[in-house]
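Below, each chain spelled out in residue letters.
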Amino acid sequence: MLGVAGFFIYGRENVRLFASVNPRYAQQLFEIEMFTFCSLDIVDERATKATEMYLGQLYNDQQFRSYGYITNTGVRMLVVFDSATSISVKDQEIRLIFKRFHGHFCLSISNPFYEIGTPIESKWLDEGVRDLYAGSE
């Protein structure tokens, strides 16, 4: 059990493009959002020194832990895990989650009607994230 609490995508200027919180953690939405903003600060620090797109674990506290991924175009992707249930998560499992999440993101922005930099409203991304939630339980 991986305990994925949420998936988030932010643009270059930290503009939220997509946010999804696992329904199991809906009552903690505010805490998760504040946690992602703390994680974004660390993404900015690591992005300048990054040699690959996967940034690894960014931040953790008593409730959550976050991992980051940055695309070639500067889009930041975050996955937030529940600290209590994700103790034994392996790095390869997280890389696989990001690979699938990035694939769903690419399908979504490949829509010719999508305007770059606007919030993403895509059934492919929503369904893909739902599949990732189901796979993490």
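Up top you'll find the structure we're talking about.
Bear in mind that the values here come from a model prediction, so they are computed numbers and not experimental data.

A word on the layout of surface pockets
Size it by volume and the largest pocket reaches roughly 330 Å³. Among the elements that line the lining of the largest pocket, the one with the most residues is helix α2 (residues 91–109), at four residues. For the lining of the largest pocket, the per-class residue count stands at eight nonpolar, six polar and two charged.

Topic: the nonpolar core
Judged by nonpolar contacts, the single largest core of 24 residues is most densely connected at Phe-7, Ile-9, Val-79, Phe-98 and Phe-101. Elements with a contribution of two residues or more to this core: β1 (4–10), β2 (16–21), β4 (64–70), β5 (76–82), α2 and α3 (123–135). With five residues, the single largest contributor to this core is α2. For Phe-101, the residues in contact, after removing those within four places along its chain, are Phe-7, Phe-8, Ile-9, Phe-18, Met-77, Leu-78, Val-79, Leu-125, Val-129 and Leu-132.

Some details on the packing of α2 against α3
Orientation of α2 relative to α3, taken along the N-to-C sense of each, is 165 degrees, at an axis distance of 8 Å. One way to sum up the angle between α2 and α3 is to call them roughly antiparallel. Here α2 runs over α3; the crossing is right-handed. For the pair formed by α2 and α3, the contact residues are Ile-97, Arg-100, Phe-101, His-104, Phe-105, Leu-107 and Ser-108 on the first element and Trp-124, Leu-125, Gly-128, Val-129, Asp-131 and Leu-132 on the second.

Criteria and cut-off values
Residues numbered from 1 in each chain as written. Predicted model: local features only at pLDDT ≥ 70, side-chain atom pairs only at ≥ 80, totals over all residues. Heavy atoms only, no water. 1 Å grid on protein atoms, 1.4 Å probe; cavity = no way out; pocket = protein on both sides within 12 Å on 5 of 7 lines; lining within 4 Å. Points joined across faces, edges and corners; volume = space filled by probe spheres on them. Helix = DSSP H or I, 4+ residues; strand = E, 2+ residues; numbered from the N terminus. Nonpolar A, V, L, I, M, F, W, Y, C, P; charged D, E, K, R; others polar. Core = buried A, V, L, I, M, F, W, Y, C linked by side-chain atoms within 4.5 Å. Buried < 20%, exposed > 50% of the residue type's maximum accessible area, 1.4 Å probe, protein only. Contact = heavy atoms within 4.5 Å. Axes fitted to C-alpha atoms, helices over the stretch in contact; angles between N-to-C directions. Parallel < 35°, antiparallel > 145°, perpendicular 65-115°, else oblique. Left-handed = near helix turned anticlockwise from the far one by under 90°.

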